[in-house]
Amino acid sequence: MRAANVDTVRRILCVFPRYTPSFGSFEHAYPLTDGVRAFMPPQGLLLIAAYLPENWQVRFIDENMRRATDEDFAWAEAVFVSGMHIQRRQMNDICQRAHAFDLPTAIGGPSVSACPDYYPSFDYLHVGELGDATDELIARLARDCSRPAQQVVLKTADRLDMASFPLPAYELADLKHYFLGSIQFSSGCPYQCEFCDIPGLYGRNPRLKTPEQITAELDKLLECGIRGSVYFVDDNFIGNRKATLELLPHLIEWQKKTGFVLRFSCEATLNIAKRPEILAGMREAYFCTIFCGIETPDPAALKAMHKDHNMMVPIMEGIRTINSYGMEVVSGIILGLDTDKPETEDHLMQFIEASQIPLLTINLLQALPKTPLWDRLARENRLIDDEGRESNVDFRMPYDEVVGTWRRCMGAAYEPAKLLQRYEFQIRQTYSKRIKPPADKRSTWPNIRLGLIMLRNIFWRVGVLGDYKLEFWKFALRRLARGEIEHLIEALTVGHHLIMFARAASGGQQNASNYSMRLREASVPAE
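Figured I'd write up the structure that's included with this text. (Residues numbered from 1 in each chain as written. Predicted model: local features only at pLDDT ≥ 70, side-chain atom pairs only at ≥ 80, totals over all residues. Heavy atoms only, no water.)

Looking at the pattern of salt bridges
Under the defined criterion, the tally for this structure stands at 38 salt bridges. Notably, a salt bridge pairs Asp 72 with Arg 66, separated by 2.9 Å at the nearest N-O pair. Its relative accessible area of 1% is what places Asp 72 among the buried residues. In this structure, Glu 380 engages Arg 376 in a salt bridge whose closest nitrogen and oxygen atoms are separated by 3.3 Å. (Salt bridge = Lys/Arg side-chain N within 4 Å of Asp/Glu carboxyl O. Buried < 20%, exposed > 50% of the residue type's maximum accessible area, 1.4 Å probe, protein only.)

Here you go:
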């Protein structure tokens, strides 16, 4: 469904702010592709764009691709913005540019919902999810599109049932220029990990779309030009295991109908390893990657952060179980925990070696508002308000030692030879267990052309111009000899980004947390 039409027609400019370049934005991979310029299309703004009255005009701009221009602001009657804490400065910058045209600005999304005080200049704060606050915002703009005399805060009390969500307005986004597609099945997570703000923002009882909505969204993603992979951005894909089991047959049928033209990935807790019926269904639906918040191999630390569910199965056993269904594990890792010790660095490197996980998002602990961690550190007077630091946490260990550990771990984990060896392991032990999709609908000329372009870019930028050529060619020639072209493209596209980012990180040129407010050049909008 969408909001009812109103007599007054408005022009709404939806602007998504630029990301700070980070480990998870994969910008070093873009030159190896065929025109990728941004990571994932933003679900929130595209959902709001689809919910607005049908007779309203909507323009969407992702500033990770291009900067909103004076012409865009001159066209608009109001500006909508959404984003996360790390995009705070960019969102406030968009607000200032809109106000230069005397346009009312409205901000929604996870950051303003957690911290309304971060955004004093916006005219409307939309706190919470899609619902009655959204309807009130639309009604106010329909009546009067001038800037209000003072800031208006609208809080969602009655959320729209996710089964009634419209299809996101993917047609407004240039999907062929995104690294991944995105889709959301559920919102919320039943667990209460100390550092996580999801239960506080979205609740512990996951809300759900219907399987029919998901397959319709996948149809639309294909129609609008998405290629390669689609990421389920759910807070926890198995937050409602019964619903996941009900969804999977629909995904399998959709994949068979379309010829497995898309690969799926998702986020899930590690205890998914105890549910073979779910893993088997995911394998048949062509899920290839699962992000698991392993956080630390230390059981005492897991218990302290209330992540006991990671110990329902031994960590290494859980990883190998997931691998046995053809799915690569991506691991979240946190440094700077209260339980960390001088030997934590060695233990982490041993874990990386033993797990053979190629991609680990190693972050410094950051306390987010609306989390038990924030509340505890506030009571202990251990929150630090200094945007020049890599973290807002007063660590138990000396700050410089913790940051130094992060830099050394990043540098060591992503040495080219070590990373490519881990990919070699995954190709032999994990990728070989994936289903073999039929070739007829995948071996199209556009796909062949894309593969040739990416191979050309990889060979030139890494194999000729790169500075780890020996390791690259050892890996690449093995793939070519075995006909593993897709594995070569997959591993090097991601792997090159990891290598380049880690080098900058170990040299102190990147943030040590994806949530850090320490922004380096991100306050400069997209060119």
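Next comes the rest of the account.
Re the sheet that holds strand 4 (residues 105–108)
Judged by pairing direction, the sheet is parallel, and its 6 strands sit side by side in the order 2-1-3-4-5-6 without closing on themselves. Every other strand in the sheet has two partners, leaving strand 2 (57–62) and strand 6 (152–155) as the edge strands with one partner each. Averaged over all pairs of adjacent strands, the angle between strand axes in this sheet comes to 20°, irrespective of strand direction. As judged from the 2 bridges shared by strand 4 and strand 5 (residues 124–127), these two strands associate in the parallel manner. Residue pairing for strand 5: Ala 106 is matched across the bridge by Tyr 124. (Pairing = 2+ DSSP bridges. Helix = DSSP H or I, 4+ residues; strand = E, 2+ residues; numbered from the N terminus. Axes fitted to C-alpha atoms, helices over the stretch in contact; angles between N-to-C directions.)

Description of the packing of helix 7 (residues 211–223) against helix 8 (residues 241–258)
Their axes nearest at 9 Å, the elements helix 7 and helix 8 cross at an angle of 30°. Classified by the angle their axes make, helix 7 and helix 8 are roughly parallel. Here helix 7 and helix 8 pass one another in a crossing that is right-handed. Touching Pro 211, Glu 212, Ile 214, Thr 215, Leu 218, Asp 219 and Leu 222 of helix 7 are Glu 246, Leu 247, His 250, Leu 251, Trp 254, Lys 257 and Thr 258, all from helix 8. Taken together, the residues of the contact of helix 7 with helix 8 sort by class into 7 nonpolar, 3 polar and 4 charged. (Parallel < 35°, antiparallel > 145°, perpendicular 65-115°, else oblique. Left-handed = near helix turned anticlockwise from the far one by under 90°. Contact = heavy atoms within 4.5 Å. Nonpolar A, V, L, I, M, F, W, Y, C, P; charged D, E, K, R; others polar.)

Side note on the pairing of strand 13 (residues 328–335)
With respect to burial, strand 13 is a largely interior element, 8 of its 8 residues being buried. A two-sided burial pattern is seen for strand 13, the buried positions comprising Glu 328, Val 330, Gly 332 and Ile 334 on one face and Val 329, Ser 331, Ile 333 and Leu 335 on the other. Across 5 bridges, the pairing between strand 12 (residues 287–295) and strand 13 is parallel. Directly across from Cys 292, in strand 13, lies its bridge partner Ser 331. As a crossover connection, the stretch from strand 13 through helix 12 (residues 344–355) into strand 14 (residues 360–364) is right-handed. (Right-handed = clockwise from strand over helix to strand, strands pointing away.)

A short note on the pairing of strand 4
The alternating pattern of strand 4 places Thr 105 and Ile 107 on one face and Ala 106 and Gly 108 on the opposite face, and all of these are buried. As paired strands, strand 3 (residues 78–82) and strand 4 are joined by 4 bridges and run parallel to one another. Bridging across to strand 4, Val 81 finds its partner in Ile 107. Running through helix 3 (residues 88–99), the crossover from strand 3 to the neighbouring parallel element strand 4 is right-handed.

A look at the packing of aromatic side chains
Considering all chains together, one arrives at 21 aromatic pairs under this definition. Relative to Phe 179, the ring of Tyr 30 lies with its centre 6.1 Å away and its plane at 50°, an arrangement referred to as tilted. With Tyr 30 in the loop between strand 1 (11–16) and helix 1 (43–51) and Phe 179 in the loop between strand 6 and strand 7 (181–183), this residue pair connects regions lying 149 residues apart in the sequence. Here Tyr 30 falls in the buried class, since its relative accessible area comes to 12%. Here Phe 179 falls in the buried class, since its relative accessible area comes to 17%. Linked through ring pairs, Phe 232, Phe 237, Trp 254, Phe 264 and Phe 287 together constitute an aromatic cluster. When the ring centre of Trp 75 is taken as reference, the NZ or CZ atom of Arg 59 above it lies at 4.3 Å. We note Arg 479 situated over the ring of Phe 475; from NZ or CZ to the ring centre the distance is 4.8 Å. (Phe/Tyr/Trp six-rings, centres within 6.5 Å; stacked < 30°, edge-to-face > 60°. Lys NZ or Arg CZ within 6 Å of the ring centre and 35° of its normal.)

Notes on the side chain of Lys 307
Of note, Lys 307 is situated in the loop between helix 10 (299–304) and helix 11 (315–324). With relative accessibility at 6%, the residue Lys 307 sits in the buried group. Only 2.8 Å separates the side chain of Lys 307 from the side chain of Glu 295, close enough to count as a polar contact. When near neighbours in sequence (up to four residues on either side) are disregarded, Lys 307 contacts Cys 193, Phe 195, Gly 293, Glu 295 and Leu 302. (Polar contact = N/O pair within 3.5 Å; in protein donor to acceptor, adjacent residues only side chain to side chain.)

Considerations on the environment of Gln 429
Among the secondary structure elements, Gln 429 is positioned in helix 15 (residues 416–429). The class for Gln 429 is partly exposed, based on a relative accessible area of 36%. Distance from Gln 429 to Gly 326, taken between C-alpha atoms, is 8.2 Å for residues 103 residues apart in sequence.

Topic: the side chain of His 309
Considering the arrangement of structural elements, one finds His 309 in the loop between helix 10 and helix 11. In this structure, His 309 is in contact with Tyr 191, Cys 193, Thr 269 and Asn 271, ignoring residues within four places of it in sequence.

Brief notes about the sheet that holds strand 10 (residues 228–232)
Strand order in this open sheet of 6 strands is 7-10-11-12-13-14, and the pairing throughout is parallel. Looking at which strands have only one partner, the edges of the open sheet turn out to be strand 7 and strand 14. Across the sheet, the mean angle from the axis of one strand to that of its neighbour is 20°, orientation sign disregarded. For strand 13 and strand 14, the ladder comprises 5 bridges, and the chain directions are parallel. Residue Gly 332 lies in a different strand from strand 14, and its bridge partner there is Thr 361. Where helix 12 meets the sheet, it contacts strand 12, strand 13 and strand 14, and its direction lies at approximately 180° from that of strand 13.

Brief notes about the environment of Cys 409
On the secondary structure map, Cys 409 appears in helix 14 (residues 399–413). Remark: the alpha-carbon pair of Cys 409 and Ala 114, spanning 295 residues in sequence, is separated by 31 Å. In this view, Cys 409 contacts Leu 335, Glu 345, Leu 348 and Met 349; residues no more than four positions away in its chain are not counted.

So, a nonpolar patch on the surface
Together, Trp 473, Leu 477, Leu 480 and Ile 485 line one region of the surface with nonpolar side chains, adding up to about 310 Å² of accessible area. If you tally residues by element for the nonpolar patch, the top one is helix 17 (residues 469–481), at 3 residues. Residue position: Ile 485 is located in helix 18 (residues 485–506). (Patch = residues over 30% accessible without salt bridge, like charges linked within 9 Å, V, L, I, M, F, W, Y side chains within 5 Å. Areas by Shrake-Rupley, 256 points an atom, 1.4 Å probe, with all protein chains shown as cover.)

Observations concerning the state of the cysteines
Scanning all chains against the criterion turns up 0 disulfides. The structure places no disulfide on Cys 115, whose sulfur is separated from the nearest cysteine sulfur, that of Cys 196, by 14 Å. The exposure class of Cys 115 is buried, given its relative accessible area of 5%. For the unlinked cysteine Cys 224, the closest cysteine sulfur is that of Cys 14, found at 16 Å. (Disulfide = S-S within 2.5 Å.)

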